Amino acid sequence: MKILVTAKRVPDPESTIKVNSSGDGIEEAGIKWVVNPFDEIAIEEALRVKEAQGDAEVVVVSIGPSEAQEQLRTGLAMGADRAILVTGENLDTSAVAKILVKIVEKESPDIVITGKQAIDDDSNEVGQMTAQLLGWPQATFISELKIADDKSSAECTREVDGGMETISVPLPALITADLRLNEPRYASLPGIMKARKKPLEQIEAASLGVDTTPKIVIKSMAPPPAREAGRIVESVDELVTALQSEAKVL
Amino acid sequence: MNLELSAEQLMLQDSAFKWASEQWGPIVEKCDEEDWMPPDLFKQAAAMGFLGVSVEERYGGSNAGLLAEGLVAEQLSRISPALTMSLIAHSNLCIGNIANNAGDELKDKYLPGLVSGQLIGALGLTEPGAGSDALYGMRTRARKDGGVYVLNGSKMFITNAPVCDLMLVYAKTDPEAGPRGISAFIVERNSPGFSVSRKIKKAGMRGSPTGEVVFEDCPVPEQNLVGQLNGGVAVVTRGLDVERLMVACMCLGAAHEALEHSIRYSLERKQFGKAIGEFQMIQAKLADMYSQLQAARALTYTVCRQAETAGRGGKGTALTRDAASAILVAAETATRITNHAVQIHGGYGYCLEYPVQRLWRDIKLMEIGAGTSEIRRMIIARELLRSGSCEG
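Because the structure is a prediction, the values reported are computed rather than measured.

*Asks:* Can you break down the overall build of chain B residue by residue, with the values?
*Replies:* Broken down by element type, chain B carries 12 helices and 10 strands. Against the compact-globule benchmark of 21 Å for 392 residues, chain B has a radius of gyration of 21 Å, which places it among compact chains. The principal-axis extent of the C-alpha atoms belonging to chain B is close to 80 × 50 × 40 Å. Per-residue burial over chain B gives 56% buried out of 392 residues. In chain B, once contacts between residues fewer than 6 apart in sequence are set aside, the share between residues at least 24 apart is 75%.

*Asks:* Summarise the side chain of A:Asn182; cite the residues concerned and give the values.
*Replies:* All names here are of chain A. Checked against the element boundaries, Asn182 lands in the loop between strand S10 (173-177) and helix H5 (189-195). When its relative accessible area of 8% is taken as the criterion, Asn182 is described as buried. A polar contact is formed between the side chain of Asn182 and the side chain of Glu45, at a distance of 2.8 Å. Excluding its chain neighbours within four sequence positions, the residues that come into contact with Asn182 are Ile41, Glu44, Glu45 and Arg48.

*Asks:* Mind laying out the nonpolar core, listing which residues take part and the relevant values?
*Replies:* The biggest cluster of nonpolar side chains holds 78 residues, and the ones touching the most others in it are B:Ile98, B:Tyr170, B:Leu245 and B:Met366. The element that contributes the greatest number of residues to this core is helix H8 (residues 232-268) of chain B, accounting for 17 residues. Residues in contact with B:Leu245, not counting those within four places in the same chain, are B:Leu66, B:Thr300, B:Val303, B:Cys304, B:Ala307, B:Ala323 and B:Ala326. Listed in part, the 68 residues of the second largest apolar core include A:Ala77, A:Ala83, B:Ala20 and B:Ile79.

*Asks:* I'd like a description of the sheet that holds strand S9 (residues 163-170) of chain A, backed by residues and values.
*Replies:* Residues and elements named next belong to chain A. Here we have nine strands laid out as an open sheet, ordered S9-S8-S7-S10-S6-S1-S4-S5-S11, and mixed in their pairing. Because the sheet does not close on itself, it has two edges, and the strands there are S9 and strand S11 (200-204). For this sheet the average axis-to-axis angle between neighbouring strands, irrespective of direction, equals 35°. Of the strand pairs in this sheet, strand S5 (residues 82-87) and S11 are connected by five bridges, and their pairing is parallel. Its bridge partner being in S11, Ala83 is matched across the sheet by Leu200.

*Asks:* Now, about the packing of helix H4 (residues 66-79) of chain B against H8(B): what can you tell me, with residues and values included?
*Replies:* All names here are of chain B. Here H4 crosses H8 at 35°, and the two axes come no closer than 7 Å. Of the two elements, H4 crosses H8, and the hand of that crossing is right-handed. Here H4 contributes Leu66, Glu69, Gly70, Ala73, Glu74, Ser77 and Arg78 to the contact with H8, which in turn contributes Val242, Leu245, Met246, Cys249, Met250, Leu252, Gly253, Ala254, His256 and Glu257. Partitioning the contact of H4 with H8 into residue classes produces nine nonpolar, four polar and four charged.

*Asks:* Break down the interface of chain A and chain B for me, with residues and values.
*Replies:* Opposite the 14 residues of chain A that make contact, chain B presents 16 residues. Carbon and sulfur atoms supply 67% of the area buried between chain A and chain B, which totals about 1,300 Å² over both sides. On the chain A side of the interface with chain B, the three residues burying the most area are A:Tyr186, A:Leu189 and A:Ile192, jointly 53% of the side's total. Where chain A touches chain B, the interface holds two salt bridges. Across the salt bridge formed by B:Asp14 and A:Lys32, the nearest N and O atoms sit 3.9 Å from each other. At the surface where chain A touches chain B, the tally comes to five residue pairs in polar contact (both at pLDDT 80 or more). For the side of chain A that touches chain B, the elements supplying multiple residues, two or more each, are helix H2 (69-78) and H5 of chain A. Class assignment of the residues belonging to the side of chain A that touches chain B gives a composition of seven nonpolar, two polar and five charged.

*Asks:* Let's hear about a nonpolar patch on the surface: which residues, and what values?
*Replies:* Residue and element names in this part refer to chain A. A cluster of nonpolar side chains, Val236, Val240, Val249 and Leu250, forms an exposed patch at the surface whose accessible area comes to about 390 Å². In this fold, Val240 is placed in helix H6 (residues 236-245). The class for Val240 is partly exposed, based on a relative accessible area of 32%.

*Asks:* How would you explain the domain arrangement of chain B if you had to name every residue and give the values?
*Replies:* Interface size is commonly expressed as the accessible surface area that is lost when the partners come together. Residue and element names in this part refer to chain B. Here chain B is described as being made up of domain 1 (7-119), domain 2 (122-226) and domain 3 (232-387). Between the C-alpha centres of domain 1 and domain 3 there is a distance of 20 Å. Contact with domain 1, which involves 27 residues of that partner, is made by 27 residues of domain 3. Three residues, Leu66, Leu67 and Arg78, lead the burial of domain 1 against domain 3; their summed loss comes to 28% of the area buried on that side.

*Asks:* Help me get a handle on unusual backbone geometry, residues and values and all.
*Replies:* Between A:Leu171 and A:Pro172 the backbone carries a cis peptide bond, its omega angle lying at 5°. A positive phi angle is found at B:Asp217, which is not glycine, with a value near 45°. When you line up the elements, B:Asp217 lands in strand S7 (residues 210-221). Positive phi outside glycine occurs at B:Asn230, with the angle close to 65°. Within the secondary structure, B:Asn230 is located in the loop between strand S8 (225-226) and H8. By relative accessible area, which is 24% here, B:Asn230 ends up partly exposed.

The rules behind the values
- Residues numbered from 1 in each chain as written.
- Chains lettered and ligands numbered in written order.
- Predicted model: local features only at pLDDT ≥ 70, side-chain atom pairs only at ≥ 80, totals over all residues.
- Heavy atoms only, no water.
- Helix = DSSP H or I, 4+ residues; strand = E, 2+ residues; numbered from the N terminus.
- Rg over C-alpha atoms; globule rule 2.2 N^0.38 Å.
- Buried < 20%, exposed > 50% of the residue type's maximum accessible area, 1.4 Å probe, protein only.
- Contact = heavy atoms within 4.5 Å.
- Polar contact = N/O pair within 3.5 Å; in protein donor to acceptor, adjacent residues only side chain to side chain.
- Core = buried A, V, L, I, M, F, W, Y, C linked by side-chain atoms within 4.5 Å.
- Pairing = 2+ DSSP bridges.
- Axes fitted to C-alpha atoms, helices over the stretch in contact; angles between N-to-C directions.
- Left-handed = near helix turned anticlockwise from the far one by under 90°.
- Nonpolar A, V, L, I, M, F, W, Y, C, P; charged D, E, K, R; others polar.
- Buried area = accessible area lost by both parts, 1.4 Å probe.
- Salt bridge = Lys/Arg side-chain N within 4 Å of Asp/Glu carboxyl O.
- Patch = residues over 30% accessible without salt bridge, like charges linked within 9 Å, V, L, I, M, F, W, Y side chains within 5 Å.
- Areas by Shrake-Rupley, 256 points an atom, 1.4 Å probe, with all protein chains shown as cover.
- Domains from an automatic or database assignment.

And the structure:
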């Protein structure tokens with residue numbers, strides 16, 4: 001069995017994000033970069049499937065700048081077997097999905113697991129687009145995964161409004177991981193030492209023969225308006241008046 | 001500042017800090033308040049590979065070098081110097097000294113259990129009447145009796161003593177010979193005559209259990225002699241060089257965290273209508289804290305790298321001088337930085353709900369343990385005057 005997982009390079013959720021001087025992106029200097037937390041969950045799930053199956057291979061893929069090698073090394077340190085980095089600039093979700101399709105066609109995995117979304121742009125599109133382009137079944141936002149004994153299908157529990165939905169998808173299939181699927185392991189020191197000997201293949205996006213012209217252009221980016229200081233009111237009447245005449249919410 | 005760490009070392013730093021933040025962050029206050037150590041501490045750390053960072057692979061270690069071991073100590077110490085100290089007493093003092101000095105039989109017998117966290121280790125050098133003067137003032141005796149050495153005496157301020165399974169113990173085998181009559185032994189906790197007489201209450205480092213150990217006619221098999229008979233002083237001094245570097249790294253971690261808290265607080269806390277970070281007296285403190293931390297860090301990392309390639313340490317070597325320099329600077333820097341951090345936080349800084357006071361109480365020990373600041377200065381001056389130069 002072969003499992004392909006994604007590892008997008010994103011700013012650490014703890015980082016302070018500022019808009020850059022040209023107003024079309026974020027200030028990247030001084031930011032710490034990590035594996036997209038939902039992709040970490042995807043990697044963990046792939047490793048758990050591998051550990052349960054015994055003879056599975058986990059391939060971790062990143063599409064982005066060459067520095068994304070660091071995120072792939074993290075995936076390898078967690079336990080993935082090998083890594084593929086597709087380098088390219090200014091790739092939107094449609095381009096990433098088309099590139100991912102090429103990698104899937106090359107690798108022929110039984111399952112592709114991605115995070116349900118990346119925490120930088122929160123697009124929540126790549127998994128769905130990739131499944132559509134491949135013509136594969138998809139199970140999105142899953143919180144539990146069970147591979148059938150004959151490995152022909154996967155039972156996926158999805159978190160839907162007001163409850164749980166359990167579906168079965170024939171393999172190969174694409175799965176997107178939600179927050180409660182698992183708790184990712186840490187990269188241990190022995191894992192980190194092993195990771196440096198694992199293969200990491202680099203491919204240029206331009207060599208894959210897909211049109212990566214962005215369909216989305218970011219016109220401008222702005223921080224949320226600064227919050228004004230609150231004030232303490234003396235009475236309920238004053239509060240109601242303020243809510244009516246100033247905040248205009250009543 | 002680029003400290004020229006490898007990709008693996010950077011990843012190890014990240015992973016160690018993330019692990020400590022998530023696993024220890026929620027319990028550090030309980031550890032401090034109740035002087036409580038989580039029961040699975042050693043096994044959890046072993047699963048991360050943190051008990052055998054610089055131990056050979058065949059004993060379950062990663063052989064990643066002393067700087068890597070120091071980087072782990074630094075990152076863990078950002079969250080809890082106390083729990084880190086217990087891990088260092090186990091991995092560096094106990095495991096490190098056994099790995100560097102014991103024969104294959106003892107290493108095969110004890111190292112795999114220690115590195116995997118199945119066994120908890122400690123080291124016993126200091127005595128109630130012999131602290132800075134440990135080598136001359138040592139009164140614990142080991143008398144040969146057939147196939148065993150019989151230990152009598154007591155050891156004081158022993159980290160992990162209340163929870164340990166075995167202890168590397170120094171004792172006089174030739175009392176007339178002074179430091180040349182000391183030997184090192186591995187003593188198992190369940191040996192008859194081995195007892196931990198009390199758990200000591202401390203001002204800081206709470207959560208790392210410290211005890212007084214008493215040996216009363218405690219028999220130790222002669223096979224458990226570590227290194228040469230009467231050769232204990234070499235084990236002590238070489239071990240202390242490395243221990244001092246690990247303690248220096250712990251100081252960097254606590255100081256780093258105290259500075260991070262101070263920067264954030266200086267941006268948030270408002271007095272006289274503006275953030276306190278806009279006042280020059282706070283700015284001066286922050287600038288000094290950062291500069292001194294980075295100087296201590298550059299020195300400590302450099303000496304860690306030096307120790308990785310040094311043939312031996314101990315008296316008369318550049319490593320002994322430089323390890324003492326690193327810990328002297330790192331520990332005094334850390335007490336100064338944590339002290340400034342409490343001052344910047346004002347009344348809140350002195351309250352138990354804010355973490356800077358814990359770092360301040362914890363890290364003060366590092367000017368006392370592993371040789372006091374005074375002893376460190378004596379060592380550095382001794383080496384300078386011995387060689388007649390500060391070169392080399």
